[in-house]
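What follows is each chain in one-letter form.
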Amino acid sequence: MRDYDEVTTFLGEWGPFQRLIFFLLSASIIPNGFNGMSVVFLAAAPEHRCRVPDTANLSRAWRNHSIPLRLLDGREVPHSCRRYRLAVIANFSALGLEPGRDVDLEQLEQESCVDGWEFSQDIYLSTIVTEWSLVCEDDWKTPLTSSLFFVGVLLGSFVSGQLSDRFGRKSILFATMAVQTGFSFLQIFSINWEMFTVLFVIVGMGQISNYVVAFILGTEILGKSVRIIFSTLGVCTFFAVGYMLLPLFAYFIRDWRMLLLALTVPGVLCLPLWWFIPESPRWLISQRRFSEAESIIQKAAKMNNIAAPRVIFDPMELQELKLPGQQKVLILDLFRTRNIATITIMSLLLWMLTSVGYFALSLNAPNLHGDAYLNCFLSALIEVPAYITAWLLLRKLPRRYIIAGVLFLGGGVLLLIQFVPADYNFLSIGLVMLGKFGITSAFSMLYVFTAELYPTPVRNMAVGVTSMASRVGSIIAPYFVYLGAYNRVLPYIVMGSLTVFIGIITLFFPESFGMTLPETLEQMEKVKGFIIKNAHEQPNEELQRVKSRRVQSARASVPMHLGNTTVLTHGCVHQFRSSLNLNVRGFYGGFIILA
């Protein structure tokens, strides 16, 4: 029986139909780029100080000295959350006493900002922080806002694949697009922080679901060679374009409600794509809706000016079609032996800490010295060469060394920031961007590395569970940014230390480059530097000979082969070989499973 790719060979690889699908689906990814990081401007915290009412009977001198000073990064600045007790300084003002000369300010009693705050409008006209005073006692709500968005991303990861399997790729693509756009629009009318945050969770669910389903649909419609281009140049580049558009929108629109409104417009413009993007013929075949699949292929042939066969799917072949089953595995299988348990624990740490570094650096970009909008743009721009570098390194070099290398690069330069003088802002920004480059490169390699380590029965489960650890990392990442409120370089010291630490851990992983993919738990390579023995794990001379043979064919053209598996990363995907009746089986914690 012929497979789907063989049946549709007559369509060609890069005709008008394929180009249309490629660019339309890639364009649908753009809103995901700016929605995923919009919180950096929506929840930005401008400089602020306690408000002193105009009705307060204070002289000009006392009004200018009503806010105590504090030491921040080696310089004295007005306190953001305290003021001198108003009744006391009003009494001194009435007596004609002068601050600093007649009254020792350090001995004065202080109080909280009972009359609210004054926010600087030099950079932002308004944000949710200024709208609902999310500062001082309520400043914990700002990182929680970002964390809850990523909770929505985690929840969306669980449901997106299952929904598209059940109701179809096209329907769920546009439904999740509508969820992302619609609930972003509803956020404009939020009356309090609680309402905004609940809606933001739903936006996060729609954001990841839209991204995943668009990728699935493109993978199933496009031919083998074009899938690789779609998964890299298509998905990665257009996601980065969306990310780079965010600071451009925010620069010209300084009010958070108007910014949200502007960010919903591209999503609305994507809705007419319904009449141009077809359903996946592979999914239709999996649902045994053969006539609809054949109709789509006939239209594609007409668009490509190719004469299609009168009968595309032979009735006898359709009778023989059996949808592939999926072996049932349990999460406990990832801890069945001491060796695989050690690898799993190290993988969970690797994914989580790398994710922390990536998202913390992304969210912290506007807080760097200099122009917040330019810094955010550079943070998005640096991802493009990072993805390209990762793809090139994966083709030629051992996995654990290149992953550890870019982690050492990223973590090392972050640790250097503490030694940069405060006046050398450009050098600090350069080091941050270089750190983002290293961590982003490492992040995009993890799917490849993890999938190569685990045997076939648990491979999908392993990548799904470990990628879920990265979602946990994204949830806690905003609190690393929060550390900057106490010390400017503290987030970089912590992130740099953790990144170097996980780089060292990576060196203890077994090497997978050039090795035959393991088929059983016993065939897994042993962890480096540990002696791990189990009674039921016996040496296998034939296995050692198999491991020593390098996989030369096909690795020259793509980073790796995983049978019928396609892997999706956080912002970039690595496309691998797919075969007979390619059909997405589901999406587990950020990992797309293709049969």
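Residues numbered from 1 in each chain as written. Predicted model: local features only at pLDDT ≥ 70, side-chain atom pairs only at ≥ 80, totals over all residues. Heavy atoms only, no water.

Draft legend 1. Spatial organisation of the overall build of the protein chain. A tally of regular secondary structure across the protein chain gives 23 helices and 10 strands. Buried positions account for 56% of the 595 residues belonging to the protein chain. Put simply, of all contacts in the protein chain between residues at least 6 apart along the chain, 78% involve residues at least 24 apart. As presented, the protein chain carries roughly 25300 Å² of accessible surface, and 62% of it is formed by carbon and sulfur atoms. (Helix = DSSP H or I, 4+ residues; strand = E, 2+ residues; numbered from the N terminus. Buried < 20%, exposed > 50% of the residue type's maximum accessible area, 1.4 Å probe, protein only. Contact = heavy atoms within 4.5 Å. Areas by Shrake-Rupley, 256 points an atom, 1.4 Å probe, with all protein chains shown as cover.)

Draft legend 2. Local environment of helix α16 (residues 338–364). Its 27 residues place the ends of α16 39 Å apart at the C-alpha level, agreeing with the 39 Å of an ideal helix rising 1.5 Å per residue. Judged by how many residues are buried, α16 sits mostly within the fold: 21 of 27 residues are covered. (Expected span 1.5 Å × (residues − 1).)

Draft legend 3. Inspection of the packing of aromatic side chains at higher detail. Taken as a whole and judged by the stated rule, the model has 23 aromatic pairs. Here the aromatic rings of Tyr 251 and Phe 252 are separated by 5.1 Å at their centres, their planes lie at 90°, and the arrangement is edge-to-face. Aromatic side chains Tyr 358 and Phe 359 sit 4.9 Å apart centroid to centroid with 85° between the ring planes, which places their arrangement in the edge-to-face category. Aromatic rings pair up to connect Trp 132, Phe 149, Phe 150, Phe 196, Phe 200, Trp 256, Tyr 358, Phe 359 and Phe 443 into one cluster. It is Lys 170 that lies over the ring of Trp 274; its NZ or CZ is 4.3 Å from the centre. Here Arg 254 stacks its cationic end above the ring of Tyr 251, 4.9 Å away from the centre of that ring. (Phe/Tyr/Trp six-rings, centres within 6.5 Å; stacked < 30°, edge-to-face > 60°. Lys NZ or Arg CZ within 6 Å of the ring centre and 35° of its normal.)

Draft legend 4. The arrangement of unusual backbone geometry in detail. Not every positive phi belongs to a glycine, and Ser 133 is a case in point at roughly 50°. Tracing the backbone shows Ser 133 in the loop between α7 (128–132) and α8 (141–167). With phi around 55°, Cys 136 is a residue other than glycine that occupies positive phi space. For Cys 136, the location among the structural elements is in the loop between α7 and α8.

Draft legend 5. Expanded view of the state of the cysteines. Enumeration over the complete set of coordinates arrives at two disulfides. Covalently, Cys 50 is tied to Cys 113 through a disulfide, its sulfur atoms 1.7 Å apart. One disulfide, between Cys 50 and Cys 113, carries an S-S torsion of -55° and so falls in the left-handed class. Residue Cys 50 is found in strand β1 (residues 48–50), and its partner Cys 113 is found in the loop between β5 (110–112) and β6 (117–119); the two are separated by 63 residues along the sequence. The burial state of Cys 50 is the same as that of Cys 113; both residues are buried. One disulfide bridge connects Cys 81 with Cys 136, the sulfur atoms lying 2.0 Å from each other. Residues Cys 81 and Cys 136 are joined through a disulfide that is left-handed, its torsion about the S-S bond being -95°. Note that Cys 81 is positioned in the loop between β3 (75–78) and β4 (82–84) and Cys 136 in the loop between α7 and α8, a separation of 55 residues in sequence. Here the two residues Cys 81 and Cys 136 agree in accessibility, since each one is buried. (Disulfide = S-S within 2.5 Å.)

Draft legend 6. Spotlight on the packing of α16 against helix α22 (residues 490–506). Taken N-terminus to C-terminus, the directions of α16 and α22 make an angle of 150°; their axes are 10 Å apart at the nearest point. Classed by the angle they form, the pair α16 and α22 counts as roughly antiparallel. α16 and α22 meet at a crossing whose hand is left-handed. On α22, the residues touching Met 346, Leu 349, Leu 350, Leu 353, Val 356, Gly 357, Ala 360, Leu 361 and Asn 364 of α16 are Tyr 492, Met 495, Leu 498, Phe 501, Ile 502, Ile 505 and Thr 506. Each residue belonging to the contact of α16 with α22 can be placed in one class, and the counts come to 13 nonpolar, three polar and no charged. (Axes fitted to C-alpha atoms, helices over the stretch in contact; angles between N-to-C directions. Parallel < 35°, antiparallel > 145°, perpendicular 65-115°, else oblique. Left-handed = near helix turned anticlockwise from the far one by under 90°. Nonpolar A, V, L, I, M, F, W, Y, C, P; charged D, E, K, R; others polar.)

Draft legend 7. Geometry of the confidence of the model for the protein chain. Across the protein chain, the average pLDDT comes to 78, with 79% of residues at or above 70. When pLDDT is averaged over each element of the protein chain, α7 comes out on top at 93 and strand β8 (residues 573–574) at the bottom at 37. Note on residues 531–595: pLDDT is under 50 here. Beyond four places in sequence and across chains, it has 209 contacts. (pLDDT = per-residue confidence, 0-100.)

Draft legend 8. Seen up close, the environment of Leu 414. Within the secondary structure, Leu 414 sits in helix α19 (residues 399–416). Judged by relative accessible area, Leu 414 falls into the buried class, the value being 0%. Here the alpha-carbon distance between Leu 414 and Val 500, two residues 86 residues apart in the chain, equals 9.7 Å. Beyond its immediate stretch of four places on either side in the chain, Leu 414 contacts Leu 361, Leu 431, Val 432, Gly 435, Ile 439, Tyr 492, Met 495 and Gly 496.

Draft legend 9. Representation of a nonpolar patch on the surface within the structure. Among the surface-exposed residues, Phe 185, Leu 186, Phe 189, Met 258 and Leu 261 lie close enough to one another that they form a single nonpolar patch of about 440 Å² accessible area. When residues of the nonpolar patch are traced back to their parent elements, those giving at least two are α9 (169–187) and α12 (256–270). Tracing the backbone through its elements, the reader meets Leu 261 in helix α12. Looking at Leu 261, the relative accessible area reads 32%, which means it is partly exposed. (Patch = residues over 30% accessible without salt bridge, like charges linked within 9 Å, V, L, I, M, F, W, Y side chains within 5 Å. Salt bridge = Lys/Arg side-chain N within 4 Å of Asp/Glu carboxyl O.)

Draft legend 10. Examining the environment of Asn 32 more closely. Note on placement: Asn 32 falls in helix α3 (residues 30–37). The class for Asn 32 is buried, based on a relative accessible area of 0%. Separated by 176 residues in the primary sequence, Asn 32 and Ile 208 place their C-alpha atoms 7.6 Å from one another. Not counting residues up to four positions away in its chain, the partners in contact with Asn 32 are Gln 180, Gln 207, Asn 210, Tyr 211 and Phe 239.

Draft legend 11. Representation of the packing of α19 against α22 within the structure. Here α19 crosses α22 at 160°, and the two axes come no closer than 8 Å. Our classification of the angle between α19 and α22 gives roughly antiparallel. Helix-helix and strand crossings are classified by hand; for α19 and α22 the assignment is left-handed. Along the contact surface, α19 presents Arg 400, Ile 403, Ala 404, Leu 407, Phe 408, Gly 410, Gly 411, Gly 412, Leu 414 and Leu 415, while α22 presents Tyr 492, Ile 493, Met 495, Gly 496, Ser 497, Thr 499, Val 500, Ile 502, Gly 503, Ile 504 and Thr 506. A breakdown of the residues in the contact of α19 with α22 according to their chemical character gives 12 nonpolar, eight polar and one charged.

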